[in-house]
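# Coordinate analysis (summary)
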Amino acid sequence: MARLVYAMTAGAVFCIQGLCTSAFAAEPKAQIEGTLPTDLRAAVTRAVGVADKPIENRFEARRRAREAAEDAISVLRSEGYYAYDVEPDVGEGDAPKALVKIAPGPRFVLGQAHIDWIGAPPDTGAAQAAQAAVALTPGRPGRSADVVAAEGRLVAAIQKRGYADVTINPREVIVDHADKTVSPDYRIAAGAIAHLDSIQLTTNGRTHPEWMQQLAPWRHGDAYDPDAVAELERRLLDTGVYESVTVALAPAADITPDGLRPVVVSVAERQKRTIELGASYDTNAGAGLDAKWTRYNLLGRADTFSVLGRISNLDSRLETDLSLPHWRTAQQTLALRAAVYRTETPAYDQKGVMASADVTRRWGHNAIFGLTGTYFTWGGSLDVGRTSEVRIGTLTPLGRDIVTLAGLADMALDRSDDPLDPRRGWRVSARVEPTLLTGVGTLPYLKVQSQVSAYLPFGPQADTVLAGRVHLGSILNGTVAEIPAPQRFYAGGGGSVRGFGFQEVGPRLADNTPQGGLSLLEGSVELRHWLNDRWGIVGFVDAGAVGGAQFPNFRELSIGAGLGLRYNLGFGPIRIDVATPLTSRRGQAPFQAYVSIGQSF
């Protein structure tokens, strides 16, 4: 009993000490006295900060008051209050308080800013650009942050016009107490214009220097532009075959006899080869196993060559891919692909060989329409295969030997903020595939698809996001019976209409085989909320329809709804979704579960 009383007493003492410490920790280091504008008082209070323990004597109180006064003076000067009166003091009584008495005085305003060129001045255009970049309006508050930022802007303006070696001398700021003005005088040495030579690769590796030369976003002899040098670094990093890239202008001492400066590039190449293994399990498709061997920079031009082997009930294949970034011109990638495959689905079986080639062109922030994340892809493919399906009407087996020659034109515009976990912005894509079928007769048709998704955040941290998606598709020319089953539209599954299994949305034949269709409509609405940095929850409703006509029928929607759990891996979330069909048919499972990486759209 005595031990229990002692333990309870000690616990109470510790609790009281903790409460006292918390109370003192919330107190400011010093009390601010005086008439100050609201925003200025808030800035001074933040700079002074809070105390981590109570004041024990007047000596400690006076020390804190002096420190707080110094912090307050720094804030006052930075905000343009130069005629201040700041006095540290100590309150009376047994519990002395640190005090800072402040009379800010009038706020000084900006006077006329001047640029003094040390040495030879830059050309007239560069000098005018520097003066415009200062952009300090006389009469505005004389904040020191604005004065410093203006200096950075004028230096950037000079560098943009070729003066790579511009240097900053100590600036002079005249604070005139007579007319209450702050007038900065920037002292800049522009140096000479630097003209760019070719790229100088300083590291020995698998990359051919001749190939890298074509990536330079400048012409031989152009004036230095820091944006062009940064663009070269981005182009090299975009290839994905380098661990790190460093790009810098050679020092002035390395100038060539014809007066040019090389751009020095250093790259650290990633491992030459990688092997990836993957396994999957789907309640409809069963188990699957993937193995992928990748060789980087085989041709010495930042290329990627891979061989993929996949075994599963749904899709088995042996596939080779070769990707050539910056093919023929920067930001253009050539992708070559060949595969032997076997596909077994509830609607059809197919086996064959295929080959494709496509070119993807990306536009950046300085390109067409001023948009970023804009991709255009065009190409073609040849597929020679045999399909096994059920004949519509008679339900007899139907085998087709088909040669498919298809073109491709695809546009994707991504203005979202994250590829795996978008919280704001939008995405638009459109795909057109003119196709010619030969085998038993000849049939040309056009397959078109388009998708739009948008993301609307709520809250200061965008912890809640309302997301929506609409996907439309249509096959023009031909009937459902004429179009082979592998070429038709299907819906249902984790990336389509959740709550339904793979190919379970849409019309079915009398034997319950998915028929597929000539048109597709899908839509999704999600409400995503992150509980903390790691865990999030999602509520969603999906809807979709597959029709036998060339345009979707909105009256035959299959609707599913469910809840999801998200776990943030750092680069993107793992998603686990459980959905149930709201419009079910006989034999439909009561719920479906889906596991993947990244948000559903």
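Above this text is the structure in question.
Residues numbered from 1 in each chain as written. Predicted model: local features only at pLDDT ≥ 70, side-chain atom pairs only at ≥ 80, totals over all residues. Heavy atoms only, no water.

### Considerations on the packing of aromatic side chains
Selection rule: Put simply, two rings from Phe, Tyr or Trp (the six-membered ring, in Trp's case) pair if the centres are within 6.5 Å, and we call them stacked under 30 degrees between planes, edge-to-face over 60, tilted for the rest. Runs of E in the DSSP output that reach at least two residues are strands. Runs of H or I that reach at least four are helices, and both are numbered from the N terminus. Residue burial is assigned from relative accessible area. The probe radius is 1.4 Å, only protein chains are included, and a residue is buried under 20% of its type maximum, exposed over 50%, and partly exposed in between. Charge over a ring is defined by NZ of Lys or CZ of Arg lying within 6 Å of the ring centre and within 35 degrees of the ring normal.
Here the structure, examined in full by the defined rule, presents five aromatic pairs. When the centroid spacing of 6.3 Å and the interplanar angle of 80 degrees are considered together, the rings of W293 and F305 count as edge-to-face. Of this pair, W293 sits in strand 12 (residues 286–296) while F305 is found in strand 13 (residues 304–312), placing the two residues 12 residues apart along the sequence. Its relative accessible area of 31% is what places W293 among the partly exposed residues. Here the basic side chain of R328 rests over the ring of W327, its NZ or CZ set 5.5 Å away from the ring centre. The ring of F489 has K447 sitting right over it, with the charged end atom 4.9 Å from the ring centre.

### So, the packing of helix 4 (residues 124–134) against helix 5 (residues 144–160)
Selection rule: Here an angle of 0 to 180 degrees is reported between the N-to-C directions of two axes, which are lines fitted to C-alpha atoms, with helices fitted over the stretch in contact. For classification purposes, an angle smaller than 35 degrees is called roughly parallel, one larger than 145 roughly antiparallel, one from 65 to 115 roughly perpendicular, and anything else oblique. Here a crossing is taken to be left-handed if its near helix is turned anticlockwise relative to the far helix by less than a right angle, and right-handed if that turn runs clockwise. We call two residues in contact when some of their heavy atoms are within 4.5 Å. In the scheme used here, Gly and all other residues not listed as nonpolar or charged are polar, with Ala, Val, Leu, Ile, Met, Phe, Trp, Tyr, Cys and Pro taken as nonpolar and Asp, Glu, Lys and Arg as charged.
Look at helix 4 against helix 5: their axes get within 8 Å of each other, and the N-to-C directions meet at 155 degrees. Classified by the angle between their axes, helix 4 and helix 5 sit roughly antiparallel to one another. Handedness of the helix 4/helix 5 crossing: right-handed. Between helix 4 and helix 5, the contacting residues are A126, A129, A130, A133 and V134 on the first element and A150, R153, L154, A157 and I158 on the second. Grouping the amino acids of the contact of helix 4 with helix 5 by side-chain chemistry returns nine nonpolar, no polar and one charged.

### Notes on the sheet that holds strand 10 (residues 260–269)
By definition, the strands of a sheet pair up through backbone hydrogen bonds, in either a parallel or an antiparallel sense. Cut-off, in case you're wondering: Two strands form a pair only when DSSP identifies at least two bridges running between them.
Within the open sheet, the three strands sit side by side as 8-10-9. Their pairing is mixed. Across the chains shown, the open sheet's two edge strands, defined by having one partner strand only, are strand 8 (195–201) and strand 9 (242–249). Within this sheet the neighbouring strands show an average axis-to-axis angle of 20 degrees, counted without direction. Pairing between strand 8 and strand 10: five bridges, direction parallel. When the sheet's bridge partners are listed, I199 is paired in strand 10 with V263. Sheet strands touched by helix 7 (residues 226–238): strand 8, strand 9 and strand 10. Its angle to strand 9, the strand with the most contacts, is close to 165 degrees.

### A few points about the pairing of strand 23 (residues 535–547)
Bridge analysis of strand 22 (residues 519–530) against strand 23 gives 12 bridges, and the strand direction is antiparallel. When the bridges of strand 23 are listed, L521 appears paired with A545. Here strand 22 folds back onto strand 23 in antiparallel fashion, the turn holding four residues. Direction of pairing for strand 23 relative to strand 24 (residues 558–568): antiparallel, over a ladder of 10 bridges. If you follow G536 over to strand 24, its bridge partner there is R566.

### Structural notes on the packing of helix 2 (residues 38–48) against helix 3 (residues 58–78)
Running from amino to carboxyl end, helix 2 crosses helix 3 at an angle of 135 degrees, the nearest separation of the two axes being 9 Å. Relative to helix 3, the element helix 2 lies oblique. Considering how the two elements wind past one another, helix 2 and helix 3 form a crossing that is right-handed. Listed contacts from helix 3 to L40, A43, V44, A47 and V48 of helix 2 are A68, D71, A72, V75 and L76. For the contact of helix 2 with helix 3, the per-class residue count stands at nine nonpolar, no polar and one charged.

### Remarks on the pattern of salt bridges
For clarity, the cut-off: In the sections that follow, a salt bridge refers to a side-chain nitrogen of Lys or Arg positioned within 4 Å of a carboxyl oxygen of Asp or Glu.
All told, the structure shown has 38 salt bridges when counted by the stated rule. A salt bridge links E67 to R63, with the shortest nitrogen-to-oxygen separation between them at 2.6 Å. Pair noted here: E67 and R63 are both in helix 3, with a separation of four residues, about one helical turn. Given a relative accessible area of 30%, E67 falls into the partly exposed group. Here R498 ties to E526 by a salt bridge, and the two come within 2.8 Å at their closest N and O atoms.

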